[in-house]
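Geometric and topological summary
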Amino acid sequence: MGKYSKIAILFHWAIAILIGANILLADLAEDLPRAARSAYMSPHKAIGISILILTIGRILWRLGHRPPSIPAQISSLQATVGRTAHISFYILMIVMPLTGWLMIGAKGKAAPVDFFGLFTVDMAVGENAGLAEVAHQGHEFLATPLIILIALHVLGALKHQFIDRMPFLQRMWP
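My aim in this report is to walk through the structure given alongside it, one point at a time.

What counts and what doesn't
Residues numbered from 1 in each chain as written. Predicted model: local features only at pLDDT ≥ 70, side-chain atom pairs only at ≥ 80, totals over all residues. Heavy atoms only, no water. Helix = DSSP H or I, 4+ residues; strand = E, 2+ residues; numbered from the N terminus. Contact = heavy atoms within 4.5 Å. Areas by Shrake-Rupley, 256 points an atom, 1.4 Å probe, with all protein chains shown as cover. Lys, Arg positive; Asp, Glu negative; His and termini not counted. Charge placed at Lys NZ, Arg CZ, Asp CG, Glu CD. Patch = residues over 30% accessible without salt bridge, like charges linked within 9 Å, V, L, I, M, F, W, Y side chains within 5 Å. Salt bridge = Lys/Arg side-chain N within 4 Å of Asp/Glu carboxyl O. Buried < 20%, exposed > 50% of the residue type's maximum accessible area, 1.4 Å probe, protein only. Phe/Tyr/Trp six-rings, centres within 6.5 Å; stacked < 30°, edge-to-face > 60°. Lys NZ or Arg CZ within 6 Å of the ring centre and 35° of its normal. Axes fitted to C-alpha atoms, helices over the stretch in contact; angles between N-to-C directions. Parallel < 35°, antiparallel > 145°, perpendicular 65-115°, else oblique. Left-handed = near helix turned anticlockwise from the far one by under 90°. Nonpolar A, V, L, I, M, F, W, Y, C, P; charged D, E, K, R; others polar.

1. Some remarks on the overall build of the chain
Looking only at helices and strands, the chain has 5 helices and 2 strands in total. The order of α-helices and β-strands along the chain, N terminus first, is α-α-α-β-β-α-α. Counted over contacts in the chain with a minimum sequence separation of 6, partners at least 24 positions apart contribute 69%. Counting only carbon and sulfur atoms, one obtains 69% of the accessible surface of the chain, whose full area is about 10,800 Å². Taking the average location of the 14 positive side-chain charges in the chain and that of its 9 negative ones, the two points are 17 Å from each other.

What follows is the structure in structure tokens.
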């Protein structure tokens, strides 16, 4: 069974860790007073930008480097579900940061985001309260499908590894 390239593995785990961190940061900030939320939301924004950049890099890498073939033991239905899940991940890993960016930028008072002390990113897109609200609703709505997709992805990998006895985890393990 083939293994993903070292670069693909690096993209996978870097993005996975950053998504996990961003879910945690957003959850921790949820019920805090506005002043206290910025301690969590400032890194959340920088991580979101990182996820967007890494996802674009991952897609570009994937276009030039084919993944290992799907094992013959995988049914066509499972292969289709897997491909659909991966496409859904790519869509969410682009749309989530963009809706966050639009939500912040369209409020009209977006301060530049401190990108881990290295530089700042201007989030302003022009004040538009309607766009800010739609982006906010979209950003929050898409979090649930992302979390469900992550759970299904992990469960699927574990099923293939331990029930089907195929070395799936080794394909993406560093």
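Picking up after the structure, the text goes on.
2. Quick word on a nonpolar patch on the surface
On the surface, a cluster of nonpolar side chains totalling about 710 Å² of accessible area is made up of Ile-148, Leu-152, Val-154, Leu-155, Leu-158, Phe-162 and Ile-163. Of note, Phe-162 is situated in helix H4 (residues 129-163). The class for Phe-162 is exposed, based on a relative accessible area of 52%.

3. Describing a negative patch on the surface
A cluster of acidic residues, Asp-27, Glu-30, Asp-31, Glu-133 and Glu-140, forms a negative patch at the surface. Structurally, Asp-31 is set in the loop between helix H1 (6-29) and helix H2 (34-64). The exposure class of Asp-31 is exposed, given its relative accessible area of 74%.

4. Describing the environment of Leu-32
With respect to the secondary-structure elements, Leu-32 resides in the loop between H1 and H2. In this view, Leu-32 contacts Arg-37 and Tyr-40; residues no more than four positions away in its chain are not counted.

5. Quick notes on the packing of aromatic side chains
Considering all chains together, one arrives at 3 aromatic pairs under this definition. A connected cluster of aromatic rings, assembled from ring pairs, spans Phe-115, Phe-116 and Phe-119. Between Arg-171 and the ring centre of Phe-168, over which it is positioned, the NZ or CZ distance is 5.0 Å.

6. Details of the packing of H1 against H2
Across the interface, H1 lies against H2 with an axial gap of 9 Å and an inter-helix angle of 155°. On the basis of their axis angle, the class for H1 and H2 is roughly antiparallel. Viewed along their axes, H1 and H2 form a crossing whose handedness is left-handed. Its residues placed into classes, the contact of H1 with H2 shows 19 nonpolar, 7 polar and 2 charged.

7. Focus on the side chain of Ser-50
Here Ser-50 shows up in helix H2. A relative accessible area of 10% means that Ser-50 is categorised as buried. Ser-50 has contacts with Leu-18, Phe-115 and Phe-116, leaving out every residue within four places of it along the chain.

From the geometry alone we can't say anything about function, so treat these as descriptive.
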